[in-house]
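# Remarks on the overall topology
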Amino acid sequence: MTLMFPENLIADAEQLLGAMRGRNLRLCAAESCTGGLIAGLFTSIAGSSDVFERGFVTYSNEAKIETLGVSQDLLQGHGAVSEAVAAAMAEGALLHSHAQIALSVTGIAGPGGGSEEKPVGLVFIGCAGASLRTRVSRFTFGDRGRQEVRLASVTEALILLKSALDP
């Protein structure tokens, strides 16, 4: 059987699961452009259920509002692909779960949908925690193909999570 995710991503996710398990932390994810890939990665690892609590795939603005409590005013003022919405998605995921740490991803994976202000490949990744300051990172992956943008987003989400866990 071929692996659904690259081996390096699986290894990184396994390490993060161990780190969170050791601290008795549970994780959730609120995903838009990645469409559940973060949840899929973590749940592809046997035994992850004691750490990975749930995933939200909130592709539409309505889903972000109804499921995560993202404000319609925030979406209208900043757009779904923005630092503010990524932060609100992560914080909303925490409020609507039993997790202590949350990741969020919103972006434009392409091939269409970009603009001069928000080009294809623009992604915001957020991390919020019960005892963490909410962090959001901005990435411009470029128009290198939908799957590549999505996998790069997952990779960067793991890096952000690791940095949030490191003292």
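In what follows, the accompanying structure is described. (Residues numbered from 1 in each chain as written. Predicted model: local features only at pLDDT ≥ 70, side-chain atom pairs only at ≥ 80, totals over all residues. Heavy atoms only, no water.)

## Some remarks on the overall build of the protein
Along the backbone of the protein there are 6 helices and 5 strands. Helices and strands appear in the protein in the N-to-C order α-β-α-β-α-α-α-β-β-β-α. The C-alpha atoms of the protein give a radius of gyration of 15 Å, which matches the 15 Å a tight globule of 167 residues would have. C-alpha extents for the protein along the principal axes are approximately 45 × 35 × 25 Å. Taking all 167 residues of the protein together, the buried fraction comes to 49%. The contacts of the protein with a sequence gap of at least 6 include a subset with a gap of at least 24, amounting to 65%. (Helix = DSSP H or I, 4+ residues; strand = E, 2+ residues; numbered from the N terminus. Rg over C-alpha atoms; globule rule 2.2 N^0.38 Å. Buried < 20%, exposed > 50% of the residue type's maximum accessible area, 1.4 Å probe, protein only. Contact = heavy atoms within 4.5 Å.)

## Describing the pattern of salt bridges
Across all of its chains, the model carries 3 salt bridges by this definition. D50 is the salt-bridge partner of R21, the closest N and O atoms lying 2.7 Å from each other. Taken as a pair, R21 in helix α1 (residues 7-22) and D50 in the loop between α2 (37-43) and β2 (52-57) lie far apart in primary sequence, 29 residues in all. The partly exposed category is assigned to D50, whose relative accessible area is 40%. (Salt bridge = Lys/Arg side-chain N within 4 Å of Asp/Glu carboxyl O.)

## A look at the sheet that holds strand β3 (residues 101-107)
Taken together, 5 strands build an open sheet; the order of strands is β2-β1-β3-β4-β5 and the sheet is mixed. Two strands in the sheet have a free side with no partner beyond their single neighbour: β2 and β5 (132-140). Neighbour-to-neighbour, the strand axes of this sheet turn through a mean angle of 10 degrees, independent of strand direction. Bridge analysis of strand β1 (residues 27-31) against β2 gives 5 bridges, and the strand direction is parallel. (Pairing = 2+ DSSP bridges. Axes fitted to C-alpha atoms, helices over the stretch in contact; angles between N-to-C directions.)

## A few points about the nonpolar core
Counting residues in hydrophobic clusters, the biggest one holds 36 residues, and the most contacted among them are M20, L27, I38, L41, F42, I101 and L161. Counting only elements with at least two residues in this core, the list comes to α1, β1, α2, β3, β4 (122-129) and α6 (146-165). With 9 residues, the top contributor of residues to this core is α6. If we ignore the near neighbours within four places in the chain, the residues touching L161 are L16, M20, L27, F42, I101, L103 and C127. By size, the runner-up hydrophobic cluster in this structure holds 16 residues, among which are A30, L75, A88 and L94. (Core = buried A, V, L, I, M, F, W, Y, C linked by side-chain atoms within 4.5 Å.)

## Quick look at unusual backbone geometry
Omega for the peptide link from G110 to P111 comes to 10 degrees, which places this bond in the cis form. Structurally, P111 is set in the loop between β3 and β4. With phi around 60 degrees, N24 is a residue other than glycine that occupies positive phi space.

## Some details on the packing of aromatic side chains
In the structure shown here, the tally under the stated rule is 2 aromatic pairs. For the ring pair F42 and F52, a centre distance of 6.0 Å and an interplane angle of 10 degrees mean the geometry is stacked. Of this pair, F42 sits in helix α2 while F52 sits in strand β2; the two residues are 10 residues apart in sequence, bridging distant segments of the chain. (Phe/Tyr/Trp six-rings, centres within 6.5 Å; stacked < 30°, edge-to-face > 60°.)

## With respect to the environment of E31
Mapping E31 onto the fold places it in strand β1. A C-alpha to C-alpha distance of 9.8 Å links E31 and A93, two positions 62 residues apart in sequence.

Geometric descriptors of this kind do not, in isolation, establish any biological role.
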